[in-house]
Amino acid sequence: MIQGVNQRLKPPVIFSSILLLAILAVSSGSQVVSGQGSQPFSPGPYRVGERLTYNVSFSNFVSAAHIELLVAAHGNFFGRDAIQLKGHIETTGMVNAALFAVNTDYITYIDPANGTPFRGQQIVRAASRTSDTSADFNQPAGVAALPPKRTVEFPGSYDFLSAIYRVRALPLSQNSTYFMTLRDGNDSYDLQVSVIGKVAIKTNVGSFDTIVSRLRMRDNSQFNKYDVKVYFSDDQRHVPVLIIAHHPAGDIHAELAGSEFVATPPVPPMPGPTPTAIIPVTDPQRVIAPPGGNGAAPAGGADSSSDSAGALGELPFKVGEQLNYQVFLPNIALPAATANFQVRARSKYFDHDGLLFTLSAQTSNALQALFVANDVVTSYVDPKTLLPFHTEFSFNEGRRRFASKLAINQDYGSAVSEKGDRIEIPVGTHDYLSFFYALRTFSLAPPRRSAISILVNNKPKTLFISAIRKENVQLGKQSIPAIQISLTTDDADSDKYQLRAWISDDSRRLPLRLTAVTQLGPIRADLAIIPVTRQ
């Protein structure tokens, strides 16, 4: 399957589709050219600290990439008053490993009065090198004549990052059309943004009334056949909630995964160039305040904050941590599968302050001739207790398809499926994914033994965690001090699968190796890359 997709998606095509999914992603050195600032301009989207995160799905890949947008600061940059915008796009999992690797940061400095940029920076990270380029934007002189009614061509030179916010700052009134000229190097594209209607949509962040816009490019049939639509929240902030593009190899969806206001570093009071090093947009110190929508705080409302709103205290992981595993089967030298664990954004989900964990696992080329699997687990947990309040499963294994969502009430000891089925559970019950992270917070000094409740096939089980011994684990050329633990249940055959794990004996508590005995024989999952420092 992966090889077939890879042949259909040559790198330039993938890049252009992700790039022109645009409106969220950003482009290398792109510019937008039009007239002068006579069009309505709302400061709502430029509120310092606003951080938007998106999950990008592609075809059968539920998590193909993630995108982050941040209004980082308002202060004196390069000798003038400016707002600093930041963007980040990165492919993940199998798409990153087998199809196309993207890991790029963007910084743009704009005029707070009209949103036009005067400087942009792009940092592209590749496997063997990192490139850092900057560009100054020259604004055209004079004021362009106003076009006919309902046809708006607004002013200045924009890169994609500033264009996202400038479009959000427009009224986006019904049946209006806006034109922008996009430039990518020596190439120029006339982009048309048409407001075509309103619709209510539901996402993991909440339900939203949205303004639907269609994107088209003049004399560019290849882009137009993607039928790109952007759904903006129908409020003052006009947050892009959902973007859909129909690529020949599969639909591309970029869905809002988190919206919050984060604490940003103070801007130096003296004018002058700022350092080129990017402060990570995954800074965990934040104040939660999602955009408008059912169950979410109003877009223009006050921030909600608490001492624990952003920092995850003394937890051994931080927002942005990504652990990649290679799974090995007997008599197969190459990895049979890969698994990717990520600590996603902290935000407000389903009316809860939450932390988002994701797990994606796929079979590799070594096994796909016999069996194809692509599984995704998503867990929304309380940041203080790490107990889940919402869990989603999507299993695609051979001909088997299974999807399920559970709303978990830890106070009342119940879990309710999307079909309305009620499951009685002990208070403090974990799902598979929340347990993976909660385990890292346990005291594991041998011979300590702990027990938790965990949902297995929608039934609560007692899981016993026994610290066996301290020993070194060999991963590649690294010998790492670890604690071996066993995982057993309260079943009659409590150690049926002989589950074992080796947790690094340091403050990070990294699960280095997981083993089990299955019908296929012994199975082993090894951490592929050991982080040098705490992520």
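Residues numbered from 1 in each chain as written. Predicted model: local features only at pLDDT ≥ 70, side-chain atom pairs only at ≥ 80, totals over all residues. Heavy atoms only, no water.

Here the focus is the overall build of the protein. Looking only at helices and strands, one finds 7 helices and 31 strands in the protein. Looking at the protein as a whole, 53% of its 535 residues qualify as buried. Relative to all contacts within the protein whose residues are 6 or more apart in sequence, the contacts with residues 24 or more apart total 52%. For the protein, the exposed surface amounts to about 23800 Å²; the carbon and sulfur share of it is 52%. (Helix = DSSP H or I, 4+ residues; strand = E, 2+ residues; numbered from the N terminus. Buried < 20%, exposed > 50% of the residue type's maximum accessible area, 1.4 Å probe, protein only. Contact = heavy atoms within 4.5 Å. Areas by Shrake-Rupley, 256 points an atom, 1.4 Å probe, with all protein chains shown as cover.)

Okay, the packing of aromatic side chains next. Scanning the entire structure with this criterion turns up 20 aromatic pairs. On the numbers, 6.4 Å between centres and 75° between planes, the contact of Phe-223 with Tyr-226 is edge-to-face. The exposure class of Phe-223 is buried, given its relative accessible area of 2%. For Tyr-226, a relative accessible area of 5% gives the class buried. Feature note: the residues Phe-317, Tyr-325, Phe-341, Phe-357, Phe-436 and Tyr-437 constitute an aromatic cluster, connected by ring pairs. The residue whose ring lies beneath Arg-47 is Phe-261, and the NZ or CZ to ring-centre distance is 4.4 Å. The cationic tip of Arg-80 hangs over the ring face of Phe-118; the distance from NZ or CZ to the ring centre is 4.0 Å. (Phe/Tyr/Trp six-rings, centres within 6.5 Å; stacked < 30°, edge-to-face > 60°. Lys NZ or Arg CZ within 6 Å of the ring centre and 35° of its normal.)

Once that is clear, we can look at the confidence of the model for the protein. The share of residues in the protein with pLDDT of 70 or more is 75%, and the mean pLDDT across the chain is 77. Between the elements of the protein, mean pLDDT differs from a low of 30, seen in strand β16 (residues 286-287), to a high of 96, seen in strand β29 (residues 499-504). Below a pLDDT of 50 lies the segment residues 270-311, which in the model reaches 104 contacts outside its immediate sequence neighbourhood of four places, other chains included. (pLDDT = per-residue confidence, 0-100.)

All right, on to unusual backbone geometry then. That bond from Pro-446 to Pro-447 is cis: its omega, 5°, falls within 30 degrees of zero. Relative to the helices and strands, Pro-447 resides in the loop between α7 (432-438) and β26 (449-456). Phi is positive for His-238, close to 50°, though the residue is something other than glycine. Topologically, His-238 is positioned in the loop between β13 (228-233) and β14 (240-247). Even without being a glycine, Asn-458 presents a positive backbone phi close to 65°. The exposure class assigned to Asn-458 is partly exposed, which follows from its relative accessible area of 34%.

Among the secondary structure elements, Ser-176 is positioned in the loop between α4 (160-168) and β10 (177-184). A relative accessible area of 6% means that Ser-176 is categorised as buried. Within the local environment of Ser-176, its side chain forms a polar contact with the side chain of Ser-173, the two groups lying 2.6 Å apart. (Polar contact = N/O pair within 3.5 Å; in protein donor to acceptor, adjacent residues only side chain to side chain.)

Grouped together as the largest cluster of nonpolar side chains are 57 residues, with contacts concentrated most on Leu-69, Tyr-165 and Leu-172. The greatest single-element share of this core, amounting to 6 residues, is contributed by strand β3 (residues 61-77). Every residue in contact with Tyr-165, bar those within four places of it in the chain, is listed here: Pro-45, Tyr-46, Glu-50, Leu-69, Leu-70, Val-71 and Leu-85. Phe-393, Leu-463, Ala-467 and Trp-502 belong to the second-largest nonpolar core, a separate cluster that totals 42 residues. (Core = buried A, V, L, I, M, F, W, Y, C linked by side-chain atoms within 4.5 Å.)

Moving on, we get to the pattern of salt bridges. Under the counting rule described, the total for this entry stands at 19 salt bridges. Where Arg-500 meets Asp-495, a salt bridge forms, and the shortest distance between an N and an O atom there is 2.9 Å. Judged by its relative accessible area of 25%, Asp-495 falls in the partly exposed class. The closest approach of N and O atoms between Asp-526 and Arg-513, which form a salt bridge, is 2.7 Å. Here the residue Asp-526 occupies a position in strand β31 (residues 521-527), and Arg-513 occupies one in strand β30 (residues 511-518), the gap between them amounting to 13 residues. Note on accessibility: Asp-526 and Arg-513 belong to one class, buried. Through salt bridges with shared partners, one network takes in Glu-50, Arg-168 and Arg-237. (Salt bridge = Lys/Arg side-chain N within 4 Å of Asp/Glu carboxyl O.)

What follows concerns α4. Within α4, 9 of the 9 residues are buried, leaving the element largely enclosed by the surrounding structure. Among all positions of α4, only Phe-160, Leu-161, Ser-162, Ala-163, Ile-164, Tyr-165, Arg-166, Val-167 and Arg-168 are buried.

As defined by bridge partners, strand β22 (residues 400-409) adjoins strand β23 (residues 414-417) across 4 bridges and the pair is classed as antiparallel. Following the sheet pairing, Asn-409 is matched in β23 by Ser-414. Between β22 and β23, which follow one another and run antiparallel, lie 4 residues, and Gly-413 among them has a positive phi close to 65°. Pairing between β23 and strand β24 (residues 422-424): 3 bridges, direction antiparallel. Across the sheet, Val-416 pairs through a bridge with Arg-422, a residue of β24. Linking β23 to β24, which pair antiparallel, is a turn of 4 residues; within it Gly-420 sits at a positive phi near 95°. (Pairing = 2+ DSSP bridges.)

The next point concerns the environment of Leu-463. With respect to the helices and strands, Leu-463 occurs in strand β27 (residues 459-475). Considering only alpha carbons, one finds Leu-463 and Ile-452, 11 residues apart in sequence, at a separation of 5.4 Å. Contact partners of Leu-463, with chain neighbours within four places excluded, come to Phe-435, Ser-450, Ala-451, Ile-452, Ile-454, Leu-487, Thr-488 and Thr-489.

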